[in-house]
Amino acid sequence: MPGPEVLLYGLPLAFVAGFIDAVAGGGGTITLPTLFFMGLSPAQVVATNKLLAIFGSASSTFQYWRRGHVELALIVRLLPPALIGSAFGAYLVHFVNPDAFRTVIGVVILGVGALVLVNKRFGLEDRYPGLTARTLALTLPGAFIIGIYDGFLGPGTGTFLMFMFALAGFNLVGASGNARTINLATNLGAFIFFLIGGKMVFWIGLPMGVANALGATLGARMAMLRGSAFVKWIYGGIVLVVAARLFLGG
């Protein structure tokens, strides 16, 4: 078991991860390797990461919600399929090797990122039409499929959620706020599961969670202050990082 000195680098990295995750998702690409480097077992890494992620996702969700960037009427309809999909994805892991799909998902997420960046107006204007039939036809199955991916493999879940909300008409600030809210719900579900498993290292996860929440608060406020153009380029960078992790099998 590592000593308390690991927090000297764990806390600042958790802060950075919270900032990035609140803007464009992908914070786990920082916190997961950090926890591995600390010397935790794979089971402890996954469980402790969910503990600290709860802090960051709750903090950023609150910041977006209080400024009106969370569409609750839509979110409450998307939570059930997202949670059911996540549970189903976790079940599939017992029968299908997720590693076989890493390269495919990596290519898909690069395509998503390219589409966002190449289309100069994509995600810069809020064109959300409300709870129309088209909106629900896109987002209900989308939430279920992304939920399956979250439970089955995971990296880039927030990135895919942001893309889905942007397709539904939200600008990227609104897409980020809604994506963080869905992520909070799926994190809570996973948190309960891992809490029962008893693998969380609380003396690491709790202080890193506070640092993650502080970074997420700053990231959400920066995203809302700087607007969708700022989020768009951070999003593009996160796409590259997540794709690299998938290709390399991290």
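These notes cover the structure that comes with them. (Residues numbered from 1 in each chain as written. Predicted model: local features only at pLDDT ≥ 70, side-chain atom pairs only at ≥ 80, totals over all residues. Heavy atoms only, no water.)

Helices and strands together make up the secondary structure of the protein, namely ten helices and zero strands. Each helix (α) and strand (β) of the protein, taken in turn from the N terminus, gives the series α-α-α-α-α-α-α-α-α-α. Its C-alpha atoms give the protein a radius of gyration of 17 Å, near enough to 18 Å, the size a compact globule of 250 residues would have. Dimensions of the protein, computed from the C-alpha atoms along their principal axes, are close to 50 × 40 × 30 Å. The buried share of the protein, taken over its 250 residues, is 55%. Across the protein, every contact between residues at least 6 apart in sequence was considered, and the portion connecting residues at least 24 apart equals 84%. Accessible surface computed for the protein: about 11100 Å², of which carbon and sulfur atoms make up 72%. When the 15 basic and 7 acidic side-chain charges of the protein are each reduced to a single mean position, those positions are 5 Å apart. (Helix = DSSP H or I, 4+ residues; strand = E, 2+ residues; numbered from the N terminus. Rg over C-alpha atoms; globule rule 2.2 N^0.38 Å. Buried < 20%, exposed > 50% of the residue type's maximum accessible area, 1.4 Å probe, protein only. Contact = heavy atoms within 4.5 Å. Areas by Shrake-Rupley, 256 points an atom, 1.4 Å probe, with all protein chains shown as cover. Lys, Arg positive; Asp, Glu negative; His and termini not counted. Charge placed at Lys NZ, Arg CZ, Asp CG, Glu CD.)

A word on the side chain of Thr48. With respect to the helices, strands and loops of the structure, Thr48 is situated in helix α3 (residues 42-66). A distance of 3.0 Å separates the side chain of Thr48 from the backbone nitrogen of Val201, its partner in a polar contact. Apart from the residues lying within four places of it in its own chain, the contact partners of Thr48 are Leu35, Leu40, Lys199, Met200, Val201, Ile204 and Gly205. (Polar contact = N/O pair within 3.5 Å; in protein donor to acceptor, adjacent residues only side chain to side chain.)

This part covers the side chain of Thr135. Residue position: Thr135 is located in helix α6 (residues 133-152). You can call Thr135 buried: its relative accessible area is 0%. Ignoring sequence-local partners within four residues, the contact set of Thr135 consists of Leu74, Tyr128, Pro129 and Gly130.

In this structure, Phe165, Val231 and Tyr235 are the most contacted members of the largest nonpolar core, which totals 50 residues. Among the elements of the structure, α1 (7-24), α4 (72-92), α5 (102-118), α6, α7 (157-167), α8 (172-197), α9 (202-226) and α10 (228-248) are those that each provide at least two residues to this core. Excluding anything up to four places from it in sequence, Val231 contacts Val23, Met162, Leu172, Val173 and Ala223. Of all hydrophobic cores here, the second largest spans 13 residues; its members include Val6, Ala14, Met38 and Val45. (Core = buried A, V, L, I, M, F, W, Y, C linked by side-chain atoms within 4.5 Å.)

A word on the environment of Ser59. Within the element layout of this structure, Ser59 appears in helix α3. Sequence spacing of Ser59 and Val173 is 114 residues, and the spatial spacing of their C-alpha atoms is 15 Å. The residues contacting Ser59, other than those within four sequence positions of it, are Ala213, Ala216 and Thr217. From its side chain, Ser59 meets the backbone oxygen of Ala213 in a polar contact 3.0 Å long.

What is shown is where atoms sit, not what they do.
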